[in-house]
Amino acid sequence: GAEVRQAMRVAAFREALDQFEHGLALLASVPPSPECAEIARLLNVAKLGPQRNLEGLLSARLVGALAQASQAWAGRPEVRPALTILWGQAERLFATAQYRQGLEAAERLREQAMQWGEETFVALAHWRYGTLYHSLGELEQAESHLAWMLDWLTPEGAADARAAVGLDLEASALAFSALDQWFLGYPETALTRSRRGIAGATQRGDAYGQAFSSAMGCTLLFLLRDAAALADRVEQCSSLCRQHGFRLWQAYADVFLGRLAAARGEATAGVEQIKSTLAAWQKAGPPLGTDSLILVLADTCLQLAGPRPPAGDSAAGAGRAALLATGLEAVESRIGPGTVQVGYGYPAELYRLRGELLLAQDGPGAAAE
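Computed from a predicted structure; not experimentally measured. In this convention, every chain numbers its residues from 1, walking through the sequence in written order. For this predicted model, a pLDDT threshold of at least 70 governs which residues receive local features, and a threshold of 80 or more governs which side-chain atom pairs are given and counted, while totals over whole chains, interfaces and linings are taken from all residues. Note that water and hydrogens are dropped before the side-chain values are worked out from all heavy atoms of the structure.

I'm lost on the packing of aromatic side chains in this one. Help?
A ring pair, where both rings are aromatic, is described by two values, the distance of the centres and the angle of the planes. When the centres of two rings from Phe, Tyr and Trp lie within 6.5 Å, Trp using its six-membered ring, the rings pair. Their planes under 30 degrees apart give stacked, over 60 give edge-to-face, and anything left gives tilted. Overall, the coordinates contain 11 aromatic pairs when judged by the stated rule. Residues Trp127 and Phe176 carry aromatic rings whose centres are separated by 5.3 Å and whose planes lie at 75° to one another, so their mutual orientation is edge-to-face. Linking Trp127 in helix H8 (residues 119–136) with Phe176 in helix H11 (residues 169–184), this pair joins segments that are 49 residues apart in sequence. Relative accessible area serves as the criterion here: at 1%, Trp127 is assigned to the buried category. Only protein chains enter the accessibility calculation, which uses a 1.4 Å probe. A residue is then buried if its area is under 20% of the maximum for its type, exposed if over 50%, and partly exposed in between. Take Phe176: its relative accessible area is 4%, and that puts it in the buried class. Ring centres of Trp249 and Tyr252 lie 5.3 Å apart, and the angle between their planes is 65°; on these two criteria the pair is classed as edge-to-face. Within this pair, Trp249 and its partner Tyr252 are both found in helix H15 (residues 247–263), separated by 3 residues, close to a single helical turn. Pair check on accessibility: Trp249 and Tyr252 agree, each one buried. Only DSSP runs of H or I reaching four residues or more are called helices, and only runs of E reaching two or more are called strands; each is numbered from the N terminus.

Here's what the structure looks like:
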């Protein structure tokens, strides 16, 4: 048990998950008993954190494991397992863009944790509030909850949260707060918080915290148009994901790697990498982050299209038209007629980019639209 908790604290999630799975396999090989059933219930809850970080928020295995754990612990009074399951339920609502329902789940988590004196889970509830309000575009509300959590945070509380759910609270809160600050109009503060989050996770040796905050930092640097810093951040994120198997953030890294490839002259390969990664991301189901990745694809297409070529250059004209059509199709999949907007803060940027694409495609004739 102590070894597994240490593995969780240092983000060695593959090792932790392997230990949990090994324990369950051993239990399956012995005669059933109430004691074995109790240990199995504990192991099934404990593996939720590392499974989430390795496979992503909506992996089929994680969804099944959460349902199994919820059923096994229904009506049982044990504090930590019940709170961990509540945390998982709130997180799944967040990942599927059921934000208002997620707020209700976060409130249940906060109330239960306060009743049982579990301060770490109170802080986790505030973190979830912050991400949910961020996703709803209610940025001042988001910042108030993230600030509360950061003010509360102690080294002991941070270590307990990592052991309980595998999350670096400081790094993840600063990553979301950085984007809040960008949207609120404070780019310097945004960049400072992003850097602070990554530096802290690096100092603590938390690989998942580094990958998490680096991936979200890529979005910020993209919005800031800092190509050199973006290249460094993408490489950091991709290297960590390859080394530790963080699938969710590897997708972010792959999209931005496609962007960088296109910028250095590998236009076709770069755009195709972004498109294929985005298609796989959307097929897997998580709406979280979709808008930011669509922005990368559409903006890359716009940059590659460039100015209108001479009238006689039909090949260049066709290539440019195809790029602009790809960009518009991506944007209008999110803000076109009849679509349901999911995401945070990005609709305004999507509309702005749609206007740029239309002007590039149709010239002054598109000005009214």
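There is more to say, and it comes next.
Could you clarify how one ought to interpret the packing of helix H17 (residues 290–305) against helix H18 (residues 314–335) in this entry?
Packed helix pairs are specified by the crossing angle of their axes together with the interaxial distance, meaning the distance between the axes. Relative orientation of the contacting elements H17 and H18 amounts to 160°, with a least axis distance of 8 Å. Our classification of the angle between H17 and H18 gives roughly antiparallel. Here H17 runs over H18; the crossing is left-handed. Where H17 approaches H18, its residues Thr290, Asp291, Ile294, Leu297, Ala298, Cys301, Leu302, Leu304 and Ala305 are matched on the opposing element by Arg320, Leu323, Leu324, Thr326, Gly327, Ala330, Val331, Ser333 and Arg334. To obtain each axis, a line is fitted to C-alpha atoms, and for helices this fit is confined to the stretch in contact; angles are then taken between N-to-C directions over 0 to 180 degrees. Oblique is the label for any angle not under 35 degrees, not over 145, and not in the 65 to 115 range, which are roughly parallel, roughly antiparallel and roughly perpendicular in turn. Left-handed describes a crossing whose near helix is turned anticlockwise from the far helix by less than a right angle; the clockwise case is right-handed. Throughout, a contact is declared for two residues whenever any of their heavy atoms are within 4.5 Å.

Would you mind going over the environment of Leu257 with me for this structure?
Relative to the helices and strands, Leu257 resides in helix H15. Classification of Leu257 as partly exposed rests on a relative accessible area of 25%. Discounting chain neighbours no more than four positions away, the residues touching Leu257 are Val234, Ser238 and Gln273.

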